[in-house]
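Chain residues, written in single-letter form:
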Amino acid sequence: MSLVNIGPETETIEYKKSTGEMKEAMISIAAILNKHKKGVLYFGVKNDGTVIGQVITDESLRKISQAIGNHITPAIYPEIKAVYIGERECIQVDFEGSHQPYLAYSIPRIRVADEDLIMEQGIYDEMIRKRENVKYSWERQVSEYTLQDIDKNAFDTYLQKAKDAGRISFEETDVKTVLNKLELIQGDYLLNAGAALFCDCGINELQMAKFATNERLTFTDIRRFTGSIMELSKKAEQYIIDAMDWRVEIGNGLSRKEIPEIPLDAIREAIINSFGHKIFDSRQSNEVAIFKDRIEIYNPGAFPAGVSPEKFIEGNERPVRRNPLITRTLYYSKDMESFATGLKRIYATCKAAGCRVEFEQQAYGFAVIFHRRNTSTQDNTQDNTQDSLQNRILEYCKVPRSKKEITVCMGYKDVKSFAKRYLKPLYEAGELQMTIPDRPSSRNQKYVTVEKKRKK
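On a predicted model such as this, the values are computed, not experimentally measured, just so you know.

Enquirer: Help me out: how do you make sense of the packing of aromatic side chains in this one?
Expert: By convention here, two paired aromatic rings are described through the distance between centres and the angle between planes. If you walk through the whole model with that rule in mind, you get seven aromatic pairs. With centroids separated by 5.5 Å and ring planes inclined at 75°, the aromatic side chains of Phe155 and Phe198 adopt a geometry described as edge-to-face. Placement of the pair is Phe155 in helix H4 (residues 152-164) and Phe198 in helix H6 (residues 192-198), with a sequence separation of 43 residues. The burial state of Phe155 is the same as that of Phe198; both residues are buried. Through a chain of ring-to-ring contacts, the aromatic side chains of Phe155, Tyr158 and Phe198 assemble into a single cluster. Directly above the ring of Phe170 sits Lys181, whose terminal nitrogen or CZ lies 5.4 Å from the centroid. Above the ring of Phe291, the side-chain terminus of Arg294 is found at 3.7 Å from the ring centroid.

Okay, structure coming up:
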């Protein structure tokens, strides 16, 4: 194969012959980030730009990811992929970050031409001051979004909650006036914090999936949304509500109480915390993952260095606010408390409900893991309970009933899910029939038992 040359290295482009130069690669990434905030590095290219190629396996890509996670701080979230340059396969690493200074192997360096020089103390100190001063933070940077981009329903709902909570005392309801008082706008442009909270935009991304087993292999449903924190938190909550099991307790006077397998207050707290504490410029999604044995809520952004979740649960650890503007705004509406009590409340609520919860620090983020009831026992009894429920449905439907009436009577909440799981099989088996068969979707549709079809 003929050799291809892609030009010289620059202040934002670095070449390494192979992953055998891993340490040097980490040093170059940190140096470029400290000078330019983003860059690209290729494995399989000589330093003069000659493409020689690199043998690539899944393990190769994994080792690069692990090296970046282990040796560059603060954390970054690069895109690592195999690419063909000419006829040779190489590895391309695209990286960016705005939390300077970055250290590789605990040493700060800065890019000068194509060299990675140790950073002078004065430059390092200035970067630290910028990073720790809130006026330089991502939240306070002016976004590209204006008042016209605000999700008015989300904003109005938030403002009413904040006023009802008594944490906003001013009478104004005009959007611009309110955002000015909340320090979320500059002129007609929202700060990043305001856009993340109230705009239907691409700043926030939420990915949700249901998996067929206890492993992240085969998924049965996957969804991806962008939008405001206020709207995405509602979508995440509803997704979990629909996926959970519910039981019904009958009280005095046959009153019914629906009880979820995981407390809703704990779920809401975990969801809103996952948005409030994420690193927004990481280009990573918030995630909800539903497994047979657990439900995970994940946010990009590792737990604050030097502390553990247990310290917040067991002690009186002071709050670490990654996004103080966002958390303060959510505090006003009681969506989020800003006094480092979120994990403690999640833990206490789950403990009272007999639900096991874990807090897991991961390489690139943080996860709250709610453990579900013993699914093996549930699966063993499913056939019996299903048959019993079908008998109850058929008995109840001796008089024509609507989907909603049947769902509520059987102690369930989600009409669509209940109809798909229980009514559809009975209808297809000929044991239920529609009262308006030629208009299946009619709002007046009801179901009635076909007695002669039921086996004795």
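Read on for the rest.
Enquirer: Is there a simple way to explain the environment of Ile290 in this structure?
Expert: For Ile290, the position within the fold is in strand E18 (residues 286-290). Taking relative accessible area as the criterion, Ile290 reaches 4% and is therefore assigned buried. Setting aside residues up to four positions removed in sequence, Ile290 forms contacts with Ala209, Lys210, Phe211, Tyr239, Ile240, Ala243, Ile295 and Arg372.

Enquirer: I keep staring at the pairing of strand E9 (residues 107-112) and nothing clicks. Help me out?
Expert: For a regular strand, side-chain orientation follows a simple rule: the groups alternate between the two sheet faces. With two bridges joining them, strand E8 (residues 103-104) and E9 adopt antiparallel strand pairing. Counted as the bridge partner of Ala104 is Ile107 from E9. The sheet contact formed by E9 and strand E10 (residues 115-118) spans four bridges and is antiparallel. What sits directly across from Val112, in E10, is Glu115. Here E9 folds back onto E10, and the loop between the two strands holds two residues, one of which, Ala113, carries a positive phi near 55°.

Enquirer: Explain empty space enclosed by the protein here, please?
Expert: Unfilled space is identified by rolling a water-sized probe across the atoms. Inspection of every chain in the model, using the stated rule, returns one cavity of 30 Å³ or more. Its boundaries defined by the atoms lining it, the largest cavity holds a volume of some 100 Å³. If you trace the largest cavity, you find it lined by Ala75, Ile76, Tyr77, Glu96, Gly97, Ser98, His99, Tyr102, Ile279, Asp281, Ser282 and Arg283. Classifying every residue of the lining of the largest cavity by side-chain character gives five nonpolar, four polar and three charged.

Enquirer: What is the right way to read the pattern of salt bridges from this model?
Expert: Two side chains bearing opposite charge may form a pair once their charged atoms approach each other closely. Evaluation of the coordinates by the stated rule reveals 24 salt bridges. The closest approach of N and O atoms between Arg328 and Glu183, which form a salt bridge, is 3.7 Å. In this pair, Arg328 sits in helix H10 (residues 324-332) while Glu183 sits in the loop between helix H5 (175-181) and strand E12 (185-186), placing the two residues 145 residues apart along the sequence. Note that Glu287 is salt-bridged to Arg216, the shortest N-O span being 3.8 Å. Residue Glu287 is located in strand E18, and its partner Arg216 is located in the loop between strand E14 (205-211) and strand E15 (219-226); the two are separated by 71 residues in the primary sequence.

Enquirer: Teacher, can you tell me more about the nonpolar core here?
Expert: Soluble globular proteins: nonpolar side chains tend toward being buried together. Core analysis: the biggest nonpolar cluster contains 66 residues, and Leu179, Phe198, Ile240, Ile326 and Phe370 have the highest contact counts within it. At eight residues, the largest contribution of residues to this core is made by helix H7 (residues 229-243). Residues contacting Ile240, with those up to four places away along its chain left out, are Ile267, Ile271, Val288, Ile290, Ile295 and Ile297. Core analysis: the second largest hydrophobic core is formed by 21 residues, Ile27, Ile29, Ile32 and Ala67 among them.

Enquirer: Any chance you could explain the sheet that holds E18 here in plain terms?
Expert: The strands that make up a sheet are held in pairs by hydrogen bonds between backbone atoms, and each pair lies either parallel or antiparallel. The strand order across the open sheet formed by six strands is E15-E14-E18-E19-E21-E20, and the pairing between neighbours is mixed. Since the sheet does not close on itself, it has two edges, and those belong to E15 and strand E20 (357-361), each with one partner. Averaged over all pairs of adjacent strands, the angle between strand axes in this sheet comes to 15°, irrespective of strand direction. In this sheet, strand E19 (residues 294-300) lies alongside E18 in antiparallel orientation, the contact comprising four bridges. When the sheet's bridge partners are listed, Val288 is paired in E19 with Ile297. On top of the sheet, H7 reaches E14, E15, E18 and E19; it is set at about 5° to E14, its chief contact. Set on the sheet, helix H11 (residues 342-353) makes contact with E20 and strand E21 (365-371); between it and E20 the angle comes to about 150°.

Parameters and conventions
- Residues numbered from 1 in each chain as written.
- Predicted model: local features only at pLDDT ≥ 70, side-chain atom pairs only at ≥ 80, totals over all residues.
- Heavy atoms only, no water.
- Phe/Tyr/Trp six-rings, centres within 6.5 Å; stacked < 30°, edge-to-face > 60°.
- Helix = DSSP H or I, 4+ residues; strand = E, 2+ residues; numbered from the N terminus.
- Buried < 20%, exposed > 50% of the residue type's maximum accessible area, 1.4 Å probe, protein only.
- Lys NZ or Arg CZ within 6 Å of the ring centre and 35° of its normal.
- Contact = heavy atoms within 4.5 Å.
- Pairing = 2+ DSSP bridges.
- 1 Å grid on protein atoms, 1.4 Å probe; cavity = no way out; pocket = protein on both sides within 12 Å on 5 of 7 lines; lining within 4 Å.
- Points joined across faces, edges and corners; volume = space filled by probe spheres on them.
- Nonpolar A, V, L, I, M, F, W, Y, C, P; charged D, E, K, R; others polar.
- Salt bridge = Lys/Arg side-chain N within 4 Å of Asp/Glu carboxyl O.
- Core = buried A, V, L, I, M, F, W, Y, C linked by side-chain atoms within 4.5 Å.
- Axes fitted to C-alpha atoms, helices over the stretch in contact; angles between N-to-C directions.

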